[in-house]
Amino acid sequence: MFFDSDLLMSALRALTPILLAALGGALCERAGVFNIGLEGMMLMGCFTSVTTSWFTGSAWLGVLAAALAAAAYSLILAVGAVTLGGDAVVLGVAMNLLAVGLTGFLLRTVFGVQGTFDDPSLAGLPLVGGLTPLTYLSWAAVAVAAVMLSRHVWGLRLRGVGEAPDAAATLGVSPVRYKYGAILVSGVLCGLAGAQLALGNVTLFTENMTAGRGWIAVVAVMLGRAAPVGVLLAALLFGIAEAAGFRLQGLGLPQQATDAAPYVVTLGALFLTTARRRRRTPSPSGAAS
Amino acid sequence: MRPDRTWGALRSPVTFSVLAGVLIGALFLVGTGADPVTAYRAILTGSLGADGIGSTLSTGTSVLGLALALAIPLRAGLINLGGDGQMVLGGITAAVIGLYTPLPAPLTVTLALLGGMAAGALYAALAALCENHFGVPLLVSSLLLSYPAVSLASYLARYPLKEPGSSLPQTRAMPAGVALPAFGDSTVTVGLVLVVLAAAAYWFTDRRTAIGYEIRMTGLNARFAAYAGVERRGLTLKLMSVSGALAGLVGAIGVLSFPYRFVDGSLTAPGYTWTGLTAALLATAAPIGTVVASFFFAVLQVGGLAMERTTQVPRELTQVLQAIVIVFLAARLRLPGIPGFLSRRRTSEETV
């Protein structure tokens, strides 16, 4: 059978890092900050979680350190784009580049290896029902984010800051504070995404191991129109594509075809939804900027 | 140069960012126990000395080619992140033409270069169409399209076009004579001349022609340019085609130079696309600045290897340096207390 519970489980595993990162991206989007540094923040999370887990022997400390490190890293975007008024797109691209260089550099200075750090004594995350606790946490985060954005005063103010910063400021809501908050939370979520990738889906660190997943998360934010449930569905699509790709590889399809599958599926979904939206609304304003 | 102009150049954001990058890099070096002066000297002598200059120029060919490919749309505010895919398709197309065209070698080389450019241009145009007709932002469509292209080329090099009997994922070598002429014994080929000519053409178009003016206007204020009659969709398609053609040219040059074949990963692994993007951003896509910045990053990339040999500091440090320069530049940090900082900040907020 092609569609069975194994496929579902591997889809859920593939989904988790994308979902966590995309939720962070969605919060930034709602606060009016275009965050394309998700990939870099995630990669920082991967490296920190592996390093901390290896030195302390605790995967949980690894997760904590990943969240903190990625949040600290996200300050580059917060200070650069919000305080100094720099270009968020350029900053995001630079953060992604910096993360690749920095983690590669640290991998060699800390562990003295190039490419991959893989040690049998490296502690990975425990599994509950075949999934890591971070997977369950990501589902809870979707619910929390959905409720916050639609019901809680913080969420409403965050949306106000994104949609009409001047009006929000007039009402005494500080756009700067809310934007910083959204960026820092996205940092924490990307850190968790990185920890899930490096200590949950596998137990190792490889240079550039996020391999475009941060970009897929950016697309998931667009596809899901920055709404938590929409983002969940978009990320699920990617998870299924990745899991189906692995399955097809097992059936003899070349690896190159299955490597490309998630990107092709995501792009296809992006076409379909934006084309539908475009018919409904006469003047689309460039999806997510 | 008059003293106040010298002072102005020193205070420019570019100088500040480069100095900040060098300083932070020095901190990293001290952190790893290396002597920053020795390491930086190793970068310079390793890339500009007699042993390294050839390597710097051939790396510079690819970096400059991709920097131009990204700078040309960037001048109009469009970011093409699909350089990897366009370059690789150009490379694999040039390899197929080079291997299977039964024409005299010089004609085959010309055809392979043109074919590579056409493949890159068509693929980049596809990303432009995605933005124009489906509303998928160019940044995202170009990047997402890149992955399947890289996978396709990888598949072709590993299966249908693979060199029989070889354990490496590469095509057969080009037939005798199907190669770009090299300068002396070096790895520097006529490809460098082609890329420099492209830079000159870009400079001329930017400075002296109506379309160059339209492109700059669109980059400065897209809405005003549209009001003044610049047709954005057409411009996007044209700029992306030129951009993709240049990326494809770099791929073709890579195949028609040493090792005269398409090797899976050899075009994408050095990260020319990202280095090129960094150079284009550093120069804010200005033609001469892009050339200078590309050379600077080629020096860093080649010098990084020399630094690794002499000081055991990982060469990834140079990638960190590049990114730090751009982080500072993107935040438009300048020395504090300079008039114009606040007004600059306001305009940048409006355009974001």
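Here the structure is a predicted model, which means the values were calculated and not measured.

J.: Give me the overall build of chain B: which residues, what numbers.
T.: For chain B, the count of helices and strands is 15 helices and zero strands. In terms of overall size, chain B behaves like a compact globule, its C-alpha atoms giving a radius of gyration of 21 Å where 352 residues would be expected to give roughly 20 Å. The principal-axis extent of the C-alpha atoms belonging to chain B is close to 65 × 55 × 35 Å. Across the 352 residues that make up chain B, the buried fraction comes to 53%. Residue pairs in contact within chain B that sit at least 24 positions apart in sequence constitute 76% of those at least 6 positions apart. If you sum the accessible surface of chain B, you get close to 15,600 Å²; carbon and sulfur atoms cover 67% of it. Here chain B carries 23 positive and 15 negative side-chain charges, and the mean point of each set is 7 Å from the other.

J.: An account of the pattern of salt bridges is needed here, citing residue identities and associated values.
T.: Taken as a whole and assessed by the stated rule, the structure comprises nine salt bridges over all chains. Here B:Arg75 ties to B:Asp206 by a salt bridge, and the two come within 3.0 Å at their closest N and O atoms. With B:Arg75 in the loop between helix 4 (53–74) and helix 5 (83–100) and B:Asp206 in helix 8 (residues 190–208), this pair connects stretches of sequence that are 131 residues apart. Residue B:Asp206 pairs with B:Arg216 through a salt bridge whose shortest N-O separation is 3.6 Å. Residue B:Asp206 is located in helix 8, and its partner B:Arg216 is located in helix 9 (residues 210–220); the two are separated by 10 residues in the primary sequence. On the basis of relative accessibility, which here comes to 2%, the residue B:Asp206 falls in the buried class. The structure contains a network of salt bridges with shared partners spanning A:Arg108, B:Glu308, B:Arg315 and B:Glu316.

J.: Any details on the interface of chain A and chain B? Residues and values, ideally.
T.: Taken residue by residue, the interface counts 45 residues in chain A and 50 residues in chain B. Here chain A meets chain B over a buried area of about 4,000 Å², counting both sides, of which 77% is carbon and sulfur. When the area that chain A buries against chain B is broken down by residue, the three leading residues are A:Leu97, A:Phe105 and A:Gln256, summing to 17%. Applying the counting criterion to the chain A and chain B interface returns two salt bridges. A salt bridge links A:Arg108 to B:Glu308; the nearest nitrogen and oxygen atoms lie 2.9 Å apart. Counting every contact that joins chain A to chain B gives five residue pairs in polar contact (both at pLDDT 80 or more). Those elements giving two or more residues to the side of chain A that touches chain B turn out to be helix 3 (59–83), helix 4 (88–111), helix 9 (213–223) and helix 11 (255–280) of chain A. Grouping the amino acids of the side of chain A that touches chain B by side-chain chemistry returns 28 nonpolar, 12 polar and five charged.

J.: Before we move on, can you summarise helix 4 of chain B with the specific residues and values?
T.: Taking 1.5 Å per residue as the helical rise, helix 4 of chain B with its 22 residues ought to reach 32 Å, and the 29 Å between its terminal C-alpha atoms agrees with that figure. With 18 of 22 residues buried, helix 4 of chain B lies mostly within the body of the structure.

J.: Please set out a nonpolar patch on the surface residue by residue, giving values where relevant.
T.: Residue and element names in this part refer to chain B. Among the surface-exposed residues, Trp203, Phe204, Ile288 and Val292 lie close enough to one another that they form a single nonpolar patch of about 410 Å² accessible area. Of all the secondary structure elements, the ones that give two or more residues to the nonpolar patch are helix 8 and helix 13 (287–311). Looking at the secondary structure, you find Ile288 in helix 13. Overall, Ile288 belongs to the exposed group, its relative accessible area being 54%.

J.: Run through the nonpolar core, naming residues and quoting values.
T.: Ranked by internal contacts, the top residues of the largest apolar core, which has 179 residues, are A:Leu77 and B:Phe262. Among the elements that take part in this core, helix 4 of chain A stands out by supplying 14 residues, more than any other. Setting aside chain neighbours within four positions, we find A:Leu77 in contact with A:Val33, A:Asn35, A:Met41, A:Val82, A:Ala88, A:Leu91, A:Met95 and A:Ile183. The next biggest cluster of nonpolar side chains, apart from the first, holds nine residues, and it includes A:Leu27, A:Leu149, A:Leu158 and A:Val161.

J.: Explain the packing of helix 5 of chain B against helix 6 (residues 105–134) of chain B to me, using residue names and the numbers behind them.
T.: Residues and elements named next belong to chain B. It is at 7 Å that the axes of helix 5 and helix 6 come closest, and there the two elements cross at 150 degrees. The interaxial crossing formed by helix 5 with helix 6 has right-handed handedness. Along the contact surface, helix 5 presents Gln86, Leu89, Gly90, Thr93, Ala94, Ile97 and Gly98, while helix 6 presents Thr108, Leu111, Ala112, Gly115, Gly116, Ala119, Gly120, Tyr123 and Ala124. Classifying every residue of the contact of helix 5 with helix 6 by side-chain character gives eight nonpolar, eight polar and no charged.

J.: Residues and numbers for the confidence of the model for chain A, please.
T.: In low-pLDDT regions, the fine details of the predicted coordinates are not to be read closely. Of all residues in chain A, 95% attain a pLDDT of 70 or more, and the chain-wide mean is 89. Across residues 282–289 of chain A the pLDDT falls below 50, and counting only partners more than four positions away or on other chains, this stretch makes eight contacts in the model.

J.: Give me the lowdown on the environment of B:Leu300, citing residues and values where you can.
T.: All names here are of chain B. Relative to the assigned elements, Leu300 resides in helix 13. The exposure class assigned to Leu300 is buried, which follows from its relative accessible area of 7%. In contact with Leu300, other than residues within four places in its own chain, are Ile43, Thr318, Leu321 and Gln322.

J.: Just give me the short version of the state of the cysteines, but keep the residues and values in it.
T.: Residues and elements named next belong to chain A. Following the criterion strictly, the structure yields zero disulfides over all chains and no others. Cys190 supplies the cysteine sulfur nearest to Cys28, a cysteine that is in no disulfide, at a spacing of 8.1 Å. Residue Cys190 is classed as buried on the basis of its relative accessible area of 0%.

Parameters and conventions
Residues numbered from 1 in each chain as written. Chains lettered and ligands numbered in written order. Predicted model: local features only at pLDDT ≥ 70, side-chain atom pairs only at ≥ 80, totals over all residues. Heavy atoms only, no water. Helix = DSSP H or I, 4+ residues; strand = E, 2+ residues; numbered from the N terminus. Rg over C-alpha atoms; globule rule 2.2 N^0.38 Å. Buried < 20%, exposed > 50% of the residue type's maximum accessible area, 1.4 Å probe, protein only. Contact = heavy atoms within 4.5 Å. Areas by Shrake-Rupley, 256 points an atom, 1.4 Å probe, with all protein chains shown as cover. Lys, Arg positive; Asp, Glu negative; His and termini not counted. Charge placed at Lys NZ, Arg CZ, Asp CG, Glu CD. Salt bridge = Lys/Arg side-chain N within 4 Å of Asp/Glu carboxyl O. Buried area = accessible area lost by both parts, 1.4 Å probe. Polar contact = N/O pair within 3.5 Å; in protein donor to acceptor, adjacent residues only side chain to side chain. Nonpolar A, V, L, I, M, F, W, Y, C, P; charged D, E, K, R; others polar. Expected span 1.5 Å × (residues − 1). Patch = residues over 30% accessible without salt bridge, like charges linked within 9 Å, V, L, I, M, F, W, Y side chains within 5 Å. Core = buried A, V, L, I, M, F, W, Y, C linked by side-chain atoms within 4.5 Å. Axes fitted to C-alpha atoms, helices over the stretch in contact; angles between N-to-C directions. Left-handed = near helix turned anticlockwise from the far one by under 90°. pLDDT = per-residue confidence, 0-100. Disulfide = S-S within 2.5 Å.

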